[in-house]
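Given next are the chains, with one letter for each unit.
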Protein chains: 2
Amino acid sequence: MTEAILRSARAQLESAGVEGVTLREVARDIGIAVSALYRYVDNRDDLITALLVEAFTDHADAVDAAVDAADPDDLPGAITAALRAYRTWSVQHPAQFGLAFGAPVPGYRAPADRTIAVAVRPGSRVMGLYARAHAAGLVDPDVLERRAARLDDGTSAGFEALAQRQSYALPVPAVALAVDAFVRVHGFTVMEVFGQLRPLVSPADAYFESLLTDTLTTLGL
Amino acid sequence: MTEAILRSARAQLESAGVEGVTLREVARDIGIAVSALYRYVDNRDDLITALLVEAFTDHADAVDAAVDAADPDDLPGAITAALRAYRTWSVQHPAQFGLAFGAPVPGYRAPADRTIAVAVRPGSRVMGLYARAHAAGLVDPDVLERRAARLDDGTSAGFEALAQRQSYALPVPAVALAVDAFVRVHGFTVMEVFGQLRPLVSPADAYFESLLTDTLTTLGL
DNA sequence: CTCTAAACGAGAACACTGTTCTTGACAGCC
DNA sequence: GGCTGTCAAGAACAGTGTTCTCGTTTAGAG
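Residues numbered from 1 in each chain as written. Chains lettered and ligands numbered in written order. Predicted model: local features only at pLDDT ≥ 70, side-chain atom pairs only at ≥ 80, totals over all residues.

You'll find chain A entered in an unreviewed UniProt entry as HTH-type transcriptional regulator, with Cellulomonas chitinilytica given as the organism.

Put into structure tokens, the structure is as follows:
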């Protein structure tokens with residue numbers, strides 16, 4: 001039953017956006033009264049939250065699947081596959097992506113306890129791969145050193161706190177490089193999904209692939 | 001009168017987001033009946049569009065002001081100032097930024113004839129500065145060459161079309177570099193304003209400055 | 001000065017939304 | 001049988017965008 005509600009809500013999200021998902025339409029869709037819906041859903045925000053968590057989970061699952069399908073001995077290849085899956089899922093699920101990473105709705109505050117853990121999954125997965133690559137000595141020391149030179153005390157402390165909080169087995173400059181790469185890929189993805197890239201670059205696929213190879217270079221791989 | 005409507009709507013946008021701006025509240029705010037509002041506004045979407053155009057214009061104005069205030073003989077400095085202003089305005093006006101660059105609402109289609117011209121202004125301004133820097137021989141030829149090596153036929157044609165469409169006096173690799181930089185800065189800004197950066201890097205200011213210097217290097221300046 | 005037409009504002013109404021409350025039907029269990 | 005809990009339905013309230021109709025005001029032409 002909860003599943004039917006979620007399925008209907010998901011369909012509305014995909015066809016009409018976040019503001020298009022309405023409890024009455026969900027009730028109409030699955031053939032019950034609106035009031036009956038409140039047996040299974042606390043609130044409209046509660047339903048949106050469920051969709052949000054689902055979006056984060058699907059997204060992270062897609063990244064995980066790509067990593068699992070990659071050659072485990074080819075760490076740069078696995079990282080590439082992860083970042084590529086990160087973008088591909090987003091392009092294929094614009095509504096869910098917009099819900100998860102779009103402008104925050106002032107009225108609605110996402111419950112941190114249910115979202116943060118799952119929102120951080122793709123980043124952590126890539127960070128884990130990068131840590132293994134670093135441990136294997138695959139990361140160019142010159143690149144690390146150059147990044148270290150650009151670090152100031154403030155950001156350095158921030159990255160150290162991040163590494164400790166998420167248990168990333170990486171030196172601060174490597175964390176910085178990984179964050180750089182992630183910001184780049186996520187930024188590209190946001191622009192593409194939200195339509196700000198199309199007027200700038202025409203075949204997004206090819207441009208992303210070139211961005212990906214450059215990102216790997218930037219990572220020292 | 002139209003100004004009073006827009007001012008009230010802007011206040012609602014800033015305090016409650018796009019979905020928080022309601023015609024009835026605007027009417028209540030300026031002390032007229034809802035129906036009287038339709039004398040000045042075609043539609044709710046029409047009002048949102050007005051806010052959208054205003055946001056784009058303000059944003060571009062902020063970038064222009066920063067460029068105009070910069071030393072005209074220091075082109076890299078002017079580009080830095082432009083990109084810095086791009087981010088600063090966005091952070092200071094999250095609601096307007098979210099409206100302009102957030103997830104597109106399926107029901108609402110922005111009228112292209114009134115938005116595209118103004119949405120492209122900051123990019124064009126930076127591109128103009130970069131073209132002058134390139135004409136002055138300030139762009140490292142090695143950087144251009146390396147970027148050219150990473151270009152394939154598809155994206156190359158896309159960048160050429162962009163340069164022709166917007167009359168950018170730049171070779172294709174330079175256009176590619178500029179787009180790279182823009183994607184990076186915009187991507188960072190989106191992540192910061194939408195709250196996805198805070199869990200990753202703590203002093204956003206310092207991180208952005210380091211991103212900026214690195215971006216200038218990437219541009220060959 | 002008068003008359004007319006346009007502009008302006010107000011109110012009611014319709015369809016839609018989220019949410020709550022009350023009522024009723026059914027099942028399982030003592 | 002009676003009681004308790006779960007489910008569903010309906011009505012109601014407050015809020016929304018939008019349209020229609022009705023008065024009032026104002027400006028300009030004759």
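Student: Is there a simple way to think about the domain arrangement of chain A in this case?
Tutor: Often, the extent of an interface is quoted as the loss of accessible area upon association of its parts. All names here are of chain A. Along its sequence, chain A is carved into domain 1 (1–41) and domain 2 (54–218). Here domain 1 and domain 2 have C-alpha centroids that lie 32 Å from each other. Taken residue by residue, the interface counts five residues in domain 1 and four residues in domain 2. Residues that form the side of domain 1 that touches domain 2 fall into these classes: three nonpolar, one polar and one charged. (Domains from an automatic or database assignment. Contact = placed C-beta atoms within 7 Å. Nonpolar A, V, L, I, M, F, W, Y, C, P; charged D, E, K, R; others polar.)

Student: What is the right way to look at the nonpolar core in this model?
Tutor: For soluble globular proteins, the rule of thumb is that nonpolar side chains tend to be buried together. Residues A82, Y130 and V175 of chain A together with A82, Y130 and V175 of chain B are the most contacted members of the largest nonpolar core, which totals 146 residues. Excluding anything up to four places from it in sequence, Y130 of chain B contacts I79, L170, A174, A178 and L219 of chain B. (Core = buried A, V, L, I, M, F, W, Y, C linked by C-beta atoms within 7 Å. Buried ≥ 20, exposed ≤ 12 C-beta atoms within 10 Å, placed from the backbone.)

Student: What should I look at first to understand the interface of chain A and chain B in this one?
Tutor: Across the boundary between the two partners, chain A contributes 41 residues, which contact 40 residues of chain B. Looking at the side of chain A that touches chain B, the elements that each hand over two or more residues are α1 (2–16), α6 (94–101), α10 (153–166), α11 (172–193) and α12 (204–218) of chain A. If you tally residues by element for the side of chain A that touches chain B, the top one is α11 of chain A, at eight residues. (Helix = DSSP H or I, 4+ residues; strand = E, 2+ residues; numbered from the N terminus.)

Student: Even after reading the chapter, I still don't get the protein's contact with DNA strand C, so can you show me in this structure?
Tutor: Of all residues adjacent to DNA strand C, which total 14 residues, the nearest are T22 and R44 of chain A together with I32, A33 and S35 of chain B. Counting residues per element, the ones that place at least two in the surface near DNA strand C are α2 (23–30) and α3 (34–37) of chain A together with α3 (34–37) of chain B. Its residues placed into classes, the surface near DNA strand C shows six nonpolar, four polar and four charged. (Near = placed C-beta within 6 Å.)

Student: Looking at this structure, I do not really get the confidence of the model for chain A. What am I missing?
Tutor: Residues at a pLDDT of 70 or more form 98% of chain A, whose mean pLDDT is 94. The least confident element of chain A, judged by mean pLDDT, is helix α7 (residues 112–119) of chain A at 84; the most confident is helix α5 (residues 75–92) of chain A at 98. (pLDDT = per-residue confidence, 0-100.)

Student: Whenever I open this one, the relation of the copies chain A and chain B confuses me. Can you help?
Tutor: Note: a rotation about an axis with an accompanying shift along it relates these two copies of the chain. The transformation that overlays chain A on chain B combines an axial shift of 0.0 Å with a rotation of 180°, and the residual RMSD is 0.1 Å. Between the two chains, the operation in question is that of a two-fold axis. By C-alpha distance to the rotation axis, the residue of chain A lying nearest is G187 of chain A, at 1.7 Å. Taken together, the interface assignments show that 95% of the residues at the interface of chain A recur at the interface of chain B, consistent with an identical surface on both copies. (Least-squares fit on C-alpha atoms with pLDDT ≥ 70 in both.)

Student: Quick question: what am I supposed to make of the packing of helix α4 (residues 44–69) of chain B against helix α6 (residues 94–101) of chain B here?
Tutor: All names here are of chain B. Remark: α4 packs on α6, axes separated minimally by 9 Å, with the N-to-C direction vectors making an angle of 110°. Judged by the inter-axis angle, α4 sits roughly perpendicular to α6. Together, L51, L52, A55, F56, D58 and H59 of α4 and Q96, L99 and A100 of α6 make up the contact between the two elements. Of the residues in the contact of α4 with α6, the class split is six nonpolar, two polar and one charged. (Axes fitted to C-alpha atoms, helices over the stretch in contact; angles between N-to-C directions. Parallel < 35°, antiparallel > 145°, perpendicular 65-115°, else oblique.)

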